[in-house]
Amino acid sequence: MSDQPRRPRKPGTPYRRPRKDPVRLLAFEALRAVDERDAYANLVLPPLLRKAREGGDFDARDAALATELVYGTLRRQGTYDAIIAECVDRPLREVDPPVLDVLGLGVHQLLGTRIPSHAAVSASVELARVVLGDGRAKFVNAVLRKVARDDLDGWVEKVAPPYDEDPEDHLAVVHSHPRWVVSALWDSLGGGRSGIEDLLAADNERPEVTLVARPGRSTAAELLAEDAAVAGRWSPYAVRLTEGGEPGAVEAVREGRAGVQDEGSQLVALAVANAPLDGPDRRWLDGCAGPGGKAALLGALAAERGAFLLASEKQPHRAGLVAKALAGNPGPYQVIAADGTRPAWRPGSFDRVLVDVPCTGLGALRRRPEARWRRRPADLDGFAPLQRGLLRGALDAVRVGGIVGYATCSPHLAETRAVVADVLKHVPGAELIDARPLLPGVPELGEGPDVQLWPHLHGTDAMYLAIVRRTG
Ligand SMILES: C[S@@+](CC[C@H](N)C(=O)[O-])C[C@H]1O[C@@H](n2cnc3c(N)ncnc32)[C@H](O)[C@@H]1O
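Residues numbered from 1 in each chain as written. Predicted model: local features only at pLDDT ≥ 70, side-chain atom pairs only at ≥ 80, totals over all residues.

Under the annotation held in an unreviewed UniProt entry, the chain carries the name 16S rRNA (Cytosine967-C5)-methyltransferase and is attributed to Streptomyces griseoviridis. Here the chain is described in UniProt, under the heading Sequence similarities (unreviewed entry), as follows: "Belongs to the class I-like SAM-binding methyltransferase superfamily. RsmB/NOP family." (UniProt positions renumbered as here; feature names shortened; annotations may be inferred.)

Next comes the structure, spelled out in structure tokens:
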């Protein structure tokens, strides 16, 4: 067998073996999985990072850079695609997806990080040589050299339509959100330009890791002993790890006495637990419990009051996660796999019910960098009957005088107010109560009676909550 390459090289182009850069290779691999397999970055990345670290050629800084490259490239995809489109001579849909991924990673290094331009271009071209081959590496080189001629502000000025001509399109390009999402968020938020700009910018920030100290099992004081830990803003059980932190390294989290939970999610569970009731307060239901964050907090709060929690979830494997989240709960509880639209319990058998329904997740874009590009307006129609069915099921499950909390991690009006108004129109004997006093000290909750949280105002996911009392 010969060592010679099969095709003779042109004189003057000495063969150079592409250099492998484990960080960028891993980032590329993660982006391909997100693109090809519809995988979630927050699920794909951790095992890839673990494997790389176990392999020994990856340290904590490499892991941080790979994470930043993947999340940044996905979040900023809308802006970067508009810039790349200016630098290639054909429509983007005619550029192969793996090439677009290498270009996206390169543009993020050039315009979204402090990596020097020459290093960003040469690292991207090396990556292209490894994963795409020499020919396409030349294309990547040519495109990135054009991109490197300006900074992000300069590019945005060139590629975004002026705000006065088309505000939603302008914001979509500048803040990297699909136009229909900008429009939906703005409809829900209301107000002028500055509010929506702040919200869209907050969606592009990395959220802090927030822990919950499950009452009766841990305390905020215990969690505050962790490095760079500060108290939550609104929930007495919340502790924020301001430098990212490693929740798995926290003993109380490992033992299930504490968990990772956005503060908005904690506030929803607390409001449901504290809503005023007439009569007994003994039986609580979480009708959409998987994976169990709110159920674990509700279970601990129920235990303090001597109440029983039934945590129900349709998907058996997710019911398993709920059982794990509730393991060790100090009070009585049961976890079942059941469909909340065809209840496995007698009507009127609960005093408090939470239904945190499946939704588009448009309120959690900070955590799911790819979600905004994957969601379609048609998804709303897909969720609508289920959301209504689950709220009807919850109203059926609660006794007269009891309360139901309807929650979503989307602020889209079609998933929030429209569902509640529609269901209440057809269910006699149910009234909305003011949820705002149930979130004491939390400002800017809107005109009520329901509550909408926002990342830019509250530092939480954009959770929605309506509280309904059964009156007859
Ligand atoms: C938004 S998640 C709930 C999150 C959960 N409350 C928490 O804090 O961890 C919605 C859950 O509802 C479940 N679900 C979907 N359809 C359902 C149904 N018909 N009955 C009960 N649960 C359902 C989904 O599998 C999903 O786990």
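Draft legend 1. The arrangement of the overall build of the chain in detail. The secondary structure content of the chain amounts to 20 helices and 12 strands. For 472 residues, the compact-globule estimate of 2.2 N^0.38 gives 23 Å, and the C-alpha radius of gyration of the chain, at 25 Å, lies within 12% of that figure. Taken along the three principal axes of its C-alpha coordinates, the chain extends 90 × 50 × 40 Å. Sequence-distant contacts, at least 24 apart, represent 73% of the contacts inside the chain between residues at least 6 apart. (Helix = DSSP H or I, 4+ residues; strand = E, 2+ residues; numbered from the N terminus. Rg over C-alpha atoms; globule rule 2.2 N^0.38 Å. Contact = placed C-beta atoms within 7 Å.)

Draft legend 2. Quick look at the site of the ligand. In the region of the ligand, 19 residues are neighbours, and Cys 288, Gly 290, Gly 293, Gly 340 and Asp 356 sit closest. Of the residues that constitute the shell around the ligand, the class distribution is five nonpolar, eight polar and six charged. (Near = placed C-beta within 6 Å. Nonpolar A, V, L, I, M, F, W, Y, C, P; charged D, E, K, R; others polar.)

Draft legend 3. Representation of the pairing of strand 7 (residues 333-337). Taken together, the five bridges between strand 6 (residues 308-313) and strand 7 define a ladder with parallel strand orientation. Along strand 7, the bridge assignment pairs Ser 312 with Ile 336. Taken together, strand 6, helix 16 (residues 316-326) and strand 7 constitute a β-α-β crossover, and its handedness is right-handed. (Pairing = 2+ DSSP bridges. Right-handed = clockwise from strand over helix to strand, strands pointing away.)

Draft legend 4. Looking closely at the UniProt feature "domain: SAM-dependent MTase RsmB/NOP-type" (unreviewed entry) in the chain. The UniProt entry lists residues 185-471 under the feature "domain: SAM-dependent MTase RsmB/NOP-type" (unreviewed entry), expressed in the numbering used here. Between the first and last C-alpha atoms of residues 185-471 the distance is 33 Å; the span itself is 34% helix and 21% strand.

Draft legend 5. Region of interest: the pairing of strand 5 (residues 283-286). Residue alternation in strand 5 divides its side chains into two sets, Arg 283 and Leu 285 and Trp 284 and Asp 286, and both sets are buried. Pairing of strand 5 with strand 6, which is carried by four bridges, proceeds in the parallel orientation. The residue of strand 6 that forms the bridge with Trp 284 is Leu 309. The parallel pair strand 5 and strand 6, bridged by helix 15 (residues 293-305), forms a crossover whose chirality is right-handed. (Buried ≥ 20, exposed ≤ 12 C-beta atoms within 10 Å, placed from the backbone.)

Draft legend 6. The sheet that holds strand 4 (residues 258-260), seen in detail. Ordered by their spatial adjacency, four strands build an open sheet running 2-3-1-4, and the pairing between neighbours is antiparallel. With one partner strand each, in any of the chains shown, strand 2 (229-231) and strand 4 form the two edges of the open sheet. Along the sheet, successive strands turn relative to each other by an average axial angle of 30 degrees, direction set aside. By the bridge criterion, three bridges tie strand 1 (residues 209-213) to strand 4 in an arrangement that is antiparallel. Residue pairing across strands places Ala 213 opposite Ala 258, the latter belonging to strand 4. (Axes fitted to C-alpha atoms, helices over the stretch in contact; angles between N-to-C directions.)

Draft legend 7. Up close: unusual backbone geometry. Omega for the peptide link from Gly 290 to Pro 291 comes to 5 degrees, which places this bond in the cis form. Structurally, Pro 291 can be placed in the loop between strand 5 and helix 15. The linkage connecting Gly 448 with the following residue, Pro 449, adopts the cis geometry, with an omega of -5 degrees. Positioned with a positive phi, Asp 38 is a non-glycine residue whose angle comes to about 55 degrees. Take Asp 38: there are 9 C-beta atoms within 10 Å of it, and that puts it in the exposed class.

Draft legend 8. Spotlight on the environment of Glu 251. Looking at the element boundaries, Glu 251 is found in helix 13 (residues 251-254). Take Glu 251: there are 13 C-beta atoms within 10 Å of it, and that puts it in the partly exposed class. Linking Glu 251 and Glu 29, residues 222 residues apart in sequence, is a C-alpha distance of 32 Å.

Draft legend 9. View of the packing of helix 6 (residues 117-131) against helix 7 (residues 134-147). Where helix 6 contacts helix 7, the two axes come as close as 8 Å, and the packing angle between them is 160 degrees. The orientation of helix 6 relative to helix 7 falls into the category roughly antiparallel. For helix 6 against helix 7, the interelement crossing comes out right-handed. Where helix 6 abuts helix 7, its residues Val 121, Ser 124, Val 125, Ala 128 and Arg 129 lie against Asp 134, Arg 136, Ala 137, Val 140, Asn 141, Leu 144 and Arg 145. Its residues assigned to classes, the contact of helix 6 with helix 7 comprises six nonpolar, two polar and four charged. (Parallel < 35°, antiparallel > 145°, perpendicular 65-115°, else oblique. Left-handed = near helix turned anticlockwise from the far one by under 90°.)

Draft legend 10. Molecular detail of the domain arrangement of the chain. The domain architecture assigned to the chain consists of domain 1 (22-147), domain 2 (209-260) and domain 3 (263-470). Between the C-alpha centres of domain 1 and domain 2 there is a distance of 33 Å. (Domains from an automatic or database assignment.)

Draft legend 11. Fine view of the UniProt feature "active site" (unreviewed entry) in the chain. On the UniProt side, "active site" (unreviewed entry) is annotated at positions that read Cys 409 here. With respect to the element layout, Cys 409 can be found in the loop between strand 9 (398-408) and helix 19 (417-426). The buried category is assigned to Cys 409, around which 26 C-beta atoms lie within 10 Å. The contacts of Cys 409, once residues within four sequence positions are left out, are Cys 359, Gly 361, Gly 363, Ala 364, Asp 461 and Met 463.

Draft legend 12. The nonpolar core, seen in detail. With 95 residues, the main nonpolar core has Ala 271, Leu 298, Val 355 and Leu 465 as its most contacted residues. Looking at this core element by element, the count peaks at eight residues for helix 15. Each of two domains, domain 2 (209-260) and domain 3 (263-470), supplies a minimum of three residues to this core. Not counting chain neighbours up to four residues away, the residues in contact with Ala 271 comprise Gly 405, Ala 435, Leu 438, Leu 439, Leu 465 and Ile 467. Core analysis: the next-biggest nonpolar cluster, separate from the first, contains 37 residues, Phe 28, Val 70, Val 121 and Trp 155 among them. (Core = buried A, V, L, I, M, F, W, Y, C linked by C-beta atoms within 7 Å.)

Draft legend 13. Broad picture of helix 7. Taking 1.5 Å per residue, 14 residues should reach 20 Å; helix 7 reaches 20 Å between its end C-alpha atoms and fits that length. Along helix 7, the positions that sit buried rather than exposed are Ala 137, Val 140, Val 143, Leu 144 and Val 147. Down the axis of helix 7, the buried side of the element spans an arc of 125 degrees, and every buried residue falls inside it. Pointing more than 90 degrees away from the buried face of helix 7 are the exposed residues Asp 134 and Gly 135. The elements touched by buried residues of helix 7 are helix 4 (77-87), helix 5 (97-112) and helix 6. (Expected span 1.5 Å × (residues − 1). Arc of directions from axis to C-beta.)

Draft legend 14. Region of interest: the environment of Arg 318. As for its position among the elements, Arg 318 is in helix 16. Arg 318 sits 26 residues away from Gly 292 along the chain, and the two C-alpha atoms are 8.2 Å apart.

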